[in-house]
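Observations on the three-dimensional arrangement
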Amino acid sequence: MPDTEINEAVATKVMGWHKGTGGDSIFWVDSEELLREVISGYSCWSPCTNIEQAMVIVEELSHLGFYFSADIDPGMTEICAFFYKYKGDDYGPEEEAACLAAPTLSRAICLAA
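Attention in this report is confined to the structure presented alongside it. Just so it is clear, the structure is predicted and the values come from calculations on it, not from any experiment.

Within the structure shown, the criterion is met by two salt bridges. Its salt-bridge partner being arginine 107, residue aspartate 3 comes within 2.7 Å of it at the nearest N-O pair. Placement of aspartate 3 in helix α1 (residues 3-14) and of arginine 107 in helix α3 (residues 105-112) is noted, with a sequence separation of 104 residues between them. Residue classification places aspartate 3 among the partly exposed positions, given a relative accessible area of 27%. Taking the shortest distance from any N to any O, the salt bridge between lysine 19 and glutamate 8 comes out at 3.4 Å. Of this pair, lysine 19 sits in strand β1 (residues 18-22) while glutamate 8 is found in helix α1, placing the two residues eleven residues apart along the sequence.

The topology assignment puts valine 58 in helix α2 (residues 51-63). The class of valine 58 is buried, set by a relative accessible area of 12%. Spatially, the C-alpha atom of valine 58 lies 9.1 Å from that of cysteine 110, the residues being 52 residues apart in sequence. Not counting residues within four places of it along the chain, the set of residues in contact with valine 58 comprises Phe68, Phe83 and Ile109.

This part covers the nonpolar core. Most often, soluble globular proteins keep nonpolar side chains buried together rather than apart. Among the nonpolar cores identified, the biggest contains 20 residues, and Val10, Trp45 and Ile57 are the most heavily contacted of them. Breaking this core down by element, the ones donating at least two residues are α1, α2, β5 (79-84) and α3.

At their nearest, the axes of α1 and α3 sit 9 Å apart, and the two run at 55 degrees to each other. Classified by the angle between their axes, α1 and α3 sit oblique to one another. Crossing of α1 against α3: the hand is left-handed. Two secondary-structure elements touch here, α1 through Asp3, Ile6 and Val10 and α3 through Arg107, Cys110 and Leu111. Along the lines of polarity and charge, the residues of the contact of α1 with α3 split into four nonpolar, no polar and two charged.

About the cut-offs
Residues numbered from 1 in each chain as written. Predicted model: local features only at pLDDT ≥ 70, side-chain atom pairs only at ≥ 80, totals over all residues. Heavy atoms only, no water. Salt bridge = Lys/Arg side-chain N within 4 Å of Asp/Glu carboxyl O. Helix = DSSP H or I, 4+ residues; strand = E, 2+ residues; numbered from the N terminus. Buried < 20%, exposed > 50% of the residue type's maximum accessible area, 1.4 Å probe, protein only. Contact = heavy atoms within 4.5 Å. Core = buried A, V, L, I, M, F, W, Y, C linked by side-chain atoms within 4.5 Å. Axes fitted to C-alpha atoms, helices over the stretch in contact; angles between N-to-C directions. Parallel < 35°, antiparallel > 145°, perpendicular 65-115°, else oblique. Left-handed = near helix turned anticlockwise from the far one by under 90°. Nonpolar A, V, L, I, M, F, W, Y, C, P; charged D, E, K, R; others polar.

This is how it looks when you write it as structure tokens:
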């Protein structure tokens, strides 16, 4: 899946944003119509390639009760990322989390989200 599709899916499904327009700009807005990221123009929502924006996803999911973990594969060619929830006082994960691998941490975070 291309980065642009992943970025859009994360914006809508994880962050809860939708596209807005103003003048000749397109941007992401939240449910309160507050500007979050410009799509065309000065800045761009691209968490697949921007680690700071990818960490915003980790933060958002942590507010929803998800834990985040990442690891590098034994061949050190890809990074594996996953989100999971714990149940009560148990030490095991509530659900088995699939590990999504990618060449960069930011892309792995987006795929796992």
